[in-house]
Amino acid sequence: MTSPEIDEIADYKTQAEEFLARSQEYLAAGDLHQASEKGWGAAAHMAKAVAVAQGWEYSNHADFSDVLYRARQLSGNPRIHLLAGTANDLHVNYYRRKRHLNPGAIGEHIESVSELLDLLSPLTERDAGR
């Protein structure tokens with residue numbers, strides 16, 4: 001991996017952690033739309049870090065599912081598939097009216113995104129899975 005790739009991976013991982021922290025702050029403040037979007041953003045940025053580390057394409061929103069499918073195959077951990085779906089559910093909340101958002105469910109989904117970040121992190125290391 002080149003130094004620019006290493007820097008790009010580090011940037012994506014840092015952004016993922018920042019978004020995760022912000023999602024928890026927004027949840028505590030009752031801003032469920034922002035909590036959901038920041039949770040989704042955390043998952044998306046960690047997926048981008050994995051894609052760079054593994055040399056996979058991630059150029060649009062549709063690539064999220066492909067990267068997470070490949071990450072599940074590479075890691076052998078079936079939880080990645082389930083947690084990816086949970087992250088997508090958070091993204092869908094952006095389009096829901098506030099009265100249809102459930103803070104308890106969003107909190108659980110954010111916890112699932114935290115688990116997803118933990119599972120994906122080893123796949124961002126030099127030569128992981130290669």
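Cut-off values and rules
- Residues numbered from 1 in each chain as written.
- Predicted model: local features only at pLDDT ≥ 70, side-chain atom pairs only at ≥ 80, totals over all residues.
- Heavy atoms only, no water.
- Salt bridge = Lys/Arg side-chain N within 4 Å of Asp/Glu carboxyl O.
- Helix = DSSP H or I, 4+ residues; strand = E, 2+ residues; numbered from the N terminus.
- Buried < 20%, exposed > 50% of the residue type's maximum accessible area, 1.4 Å probe, protein only.
- Core = buried A, V, L, I, M, F, W, Y, C linked by side-chain atoms within 4.5 Å.
- Contact = heavy atoms within 4.5 Å.

Visitor: Residue-level account of the pattern of salt bridges, with values.
Guide: Applying the stated criterion across every chain yields a total of three salt bridges. The closest approach of N and O atoms between R22 and E25, which form a salt bridge, is 3.3 Å. Taken together, the positions of R22 and E25, both in helix α1 (residues 3-29) and three residues apart, correspond to about one turn of that helix. On the accessibility criterion, R22 (37% relative accessible area) is partly exposed. In this structure E25 comes out as partly exposed when scored by relative accessible area, which is 47%. Residue R79 is joined to E115 by a salt bridge in which the shortest nitrogen-to-oxygen separation is 2.8 Å. Separated by 36 residues along the polypeptide, R79 in helix α4 (residues 79-92) and E115 in helix α5 (residues 103-120) bring together distant segments of the chain.

Visitor: Got a sec to walk through the nonpolar core? Specific residues and values, please.
Guide: Counting 36 residues, the largest nonpolar core has F64, V67, L68, V113 and L120 as the members making the most contacts within it. Residue assignment for this core shows that the elements contributing at least two residues are α1, α2 (32-54), α3 (63-75), α4 and α5. If one sorts the elements of this core by residue count, α2 sits on top with 13 residues. Among all residues touching V67, those that are not within four sequence positions of it are A47, V50, A51, W56, E57 and Y58.

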